[in-house]
Amino acid sequence: GGGQMNILESFSQQESNKKRPRTEGRVSPPNSQLTQSTDGGTAHKKRKHIHDIIYGNCKFHPLLVAVIDSKPFQRLRKCKQLGTAEWVYPSARHTRFEHSLGVCQRALSLVHKLRSEQKGLDITDKDILCVGLAGLCHDPGD
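Procedures and definitions
Residues numbered from 1 in each chain as written. Predicted model: local features only at pLDDT ≥ 70, side-chain atom pairs only at ≥ 80, totals over all residues. Heavy atoms only, no water. Helix = DSSP H or I, 4+ residues; strand = E, 2+ residues; numbered from the N terminus. Expected span 1.5 Å × (residues − 1). Buried < 20%, exposed > 50% of the residue type's maximum accessible area, 1.4 Å probe, protein only. Contact = heavy atoms within 4.5 Å. Core = buried A, V, L, I, M, F, W, Y, C linked by side-chain atoms within 4.5 Å. Phe/Tyr/Trp six-rings, centres within 6.5 Å; stacked < 30°, edge-to-face > 60°. Lys NZ or Arg CZ within 6 Å of the ring centre and 35° of its normal. Pairing = 2+ DSSP bridges.

A. Main features of helix H5 (residues 96-117). When the terminal C-alpha atoms of H5 are compared, their 31 Å separation across 22 residues agrees well with the 32 Å that a helix rising 1.5 Å per residue should span. Within H5, the full set of buried residues consists of Phe97, Ser100, Leu101, Gly102, Cys104, Gln105, Ala107, Leu108 and Val111. For H5, the elements touching its buried residues are strand E2 (46-52), strand E3 (56-60), helix H2 (62-68), helix H3 (71-74) and helix H6 (125-136).

Here you go:
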């Protein structure tokens with residue numbers, strides 16, 4: 001009929017009416033598996049650890065954390081990576097946010113391995129940080 005709502009529209013409307021906690025400005029929502037540690041006891045050297053289902057506990061440099069906590073990067077939480085696959089696999093979830101964290105982790109892992117096995121390349125800490133930033137920032141767009 002004309003005024004009837006199908007079940008997907010009804011569920012979508014119920015979900016949009018729910019109040020959700022604000023997650024912008026945070027690496028992960030409250031009560032997640034996120035811990036902070038400090039190197040050398042100075043506030044500007046805080047590193048964050050994020051538990052990833054694939055890569056385990058991932059440690060991020062403070063500069064990478066600043067990028068992750070930025071509003072443009074946080075918007076990636078809303079961009080779905082799987083397209084219409086959720087219609088077939090309703091519990092599947094993968095966002096550009098999660099994807100970018102994984103790319104950063106893989107890029108850092110690769111450059112650390114190169115540094116340890118290819119001493120002649122003279123890979124510096126700054127080079128490693130640049131590779132991590134490239135991994136994080138390959139998706140944000142405009």
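B. Representation of the nonpolar core within the structure. Counting 18 residues, the largest nonpolar core has Phe60, Leu64, Ile68, Phe73, Leu101 and Leu136 as the members making the most contacts within it. If you list the elements that add at least two residues to this core, you get E3, H2, H5 and H6. Examining the composition of this core, we find that 5 residues originate from one element, H5, more than from any other.

C. Focus on the packing of aromatic side chains. In the structure shown here, the tally under the stated rule is 1 aromatic pair. When the ring centre of Phe97 is taken as origin, the NZ or CZ atom of Arg77, which lies over that ring, is 4.1 Å away.

D. Region of interest: the pairing of E2. Where E2 and E3 come together, 5 bridges link them in antiparallel fashion. Among the inter-strand pairings, His51 is bridged to a residue of E3, identified as Asn57. The loop that links E2 with its antiparallel partner E3 comprises 3 residues.

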